[in-house]
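A look at the structure
One-letter residues, chain by chain:
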Amino acid sequence: MLQTIQAISNTNGKPLVLIPLIFVTFTVLVKDAYEQFYRYLKDREENNRETTILTEDGFRVTTVEKLRIGDIVRVDKDEQVPCDIVILQSSDEKGRSYVETKNLDGETNLKTKKAPACRYGLKNLHPPQLYHERFELNYEKPNPFMHSFNGNIKIKDESLPLNVSSLILKGSSLKNVMWTVGVCVYTGRETKLALNSVKFKEKRSRLEKEVNQMVVLIFVMQFLLSLVCAVMNILLEGNKVRELNGLRGSEFWAMVGTWWLMMTYFIPISLVVTLELVKLFQGNYMIKDNRMWSTMTETLPMMNNSTVNENLGQIKYIFSDKTGTLTSNVMNFKCLSTGGRIFGE
C-alpha cells in the first residue's frame, strides 16, 4: 500500500511487494487447504466404515453414516462401536459385555456393561424375533456427560430403568465376548464422544512463536532506522546542514516512509514460506516412515496438523493420576528374594 503513494514510493507507484506477499499468502492457503482436505478424507473414512444392523431379513452390512436412532446394531469382538448404543443382547449367557474405553478416557482396564434384566427373555430372542419385538425407549436428550445416562425401556407391560451400565459409547472397543447387540440411541454429532470433542484451535509451535517475535523485533528496528536515516538525510542533504525547526511534519514523515520502503526487505517474507513447506514435507515423511510403525496398533502415525511438528518429543511436564498411564499397566518380573537367595536381575 505504501508503494502506491507517489510522495514516498521508490517504485513509481507500483506495488512490487504485493507479488511476493500474494505468493506467501497463496502458499499458506494451499498448505492449510491440503491439511483440511486430509482431515476431510479421515472423516469420510470414518463415515464409510462398515457396521452391521438388524433388518427384517437378518443382519446386513451398512455404513456408519447411514445409522439412524432406533437401529439395532451388532458389534463383534475387537470392533469399535459405531454409535452410542443401549445393550440388548450379548454372547455372554448373563448378558454382559466388556468394553475398552482408551480412545475416550485413556483407560485400558475393561468396563462391564450389562443388558437390562427382562422377564420376557429379551436377551434370548433370535434376530428375526428381536426385529419384530416391540419395545419403547425413553431417555435424556444428547449431552456431553459420559458417566451418566438415565432412561427406561418398556417391553410389553414391563418398564425397566436404564443407566450408564447399559450404555456403550461410540469409540469403545468390544472385548472378551464374541458379539453384542444394542439399539442406537445417539448418532453422529449427538454422540457423547462428538459432544466432548474440542473445536479445532489454531496451534503455534515454539519455533513459530520465536520467529514471530524476531519479525516484530525487525519491524521495530526497521522503523527506528527509518527515523534515523530520515533525520540524517535532512541534516546532510547536499552536504548542507539544515534546520529541522523549519521542516514541515508531512515532509519529514514522507522521508521516513521513503526510507521505510527502501528497508522493506529486512522482513524475511520468504522465511514464512520456507517454514510452512518444510513442516508440510516433514509431516508427510513422518506418516510414511515405516520405522514409526506401531506393532501394538498396527498403524502408522497420523498428521492432523503440521504446524507443531517440531514440538514432538519436547515434553516438559507430565501430569498423571497414576503410574498405569505411563507403564501401560504392564508389570515385568525383575527379581525375587526368598530364603536368602535372589532370583532374577
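Given the structure is predicted, the values throughout are model-derived calculations rather than measurements.

What follows is about the nonpolar core. Within the largest apolar cluster, 20 residues are counted, with the highest numbers of intra-cluster contacts made by Val-86, Leu-130, Leu-137 and Ile-153. When contributions to this core are tallied by element, the ones reaching two or more residues are β4 (84-90), β8 (151-155), β9 (158-162) and β12 (179-186). Broken down by element, this core gets its largest block of residues, four residues, from β12. Excluding residues that lie within four positions of it along the chain, Leu-137 makes contacts with Val-86, Asn-152, Ile-153, Leu-162, Val-183 and Val-185. Listed in part, the 16 residues of the second largest apolar core include Val-64, Val-75, Val-99 and Leu-174.

Looking now at unusual backbone geometry. Most peptide bonds adopt trans geometry, and most residues besides glycine take a negative phi value. In the Ramachandran plot, Asp-78 falls in the positive-phi region, its phi being about 70° despite a non-glycine side chain. Mapping Asp-78 onto the fold places it in the loop between β3 (72-76) and β4. Phi angles above zero are rare outside glycine, and Asn-176 is one such case at about 70°. Along the chain, Asn-176 falls in the loop between β11 (173-175) and β12.

Attention shifts here to the state of the cysteines. Summed over all chains, the structure comprises zero disulfides. Summary of cysteine pairing: Cys-83 is not part of a disulfide, and the nearest cysteine sulfur, belonging to Cys-184, is at 3.5 Å. Judged by relative accessible area, Cys-83 falls into the buried class, the value being 1%.

A few words on the side chain of Ser-172. Within the fold, Ser-172 resides in the loop between β10 (167-168) and β11. Under the relative-accessibility criterion, Ser-172 is labelled buried at 1%. A distance of 3.0 Å separates a polar side-chain atom of Ser-172 from the backbone oxygen of Leu-169. Among all residues touching Ser-172, those that are not within four sequence positions of it are Glu-79, Gln-80, Val-81, Val-99, Glu-100, Thr-101 and Leu-104.

The rules we used
- Residues numbered from 1 in each chain as written.
- Predicted model: local features only at pLDDT ≥ 70, side-chain atom pairs only at ≥ 80, totals over all residues.
- Heavy atoms only, no water.
- Core = buried A, V, L, I, M, F, W, Y, C linked by side-chain atoms within 4.5 Å.
- Buried < 20%, exposed > 50% of the residue type's maximum accessible area, 1.4 Å probe, protein only.
- Helix = DSSP H or I, 4+ residues; strand = E, 2+ residues; numbered from the N terminus.
- Contact = heavy atoms within 4.5 Å.
- Disulfide = S-S within 2.5 Å.
- Polar contact = N/O pair within 3.5 Å; in protein donor to acceptor, adjacent residues only side chain to side chain.

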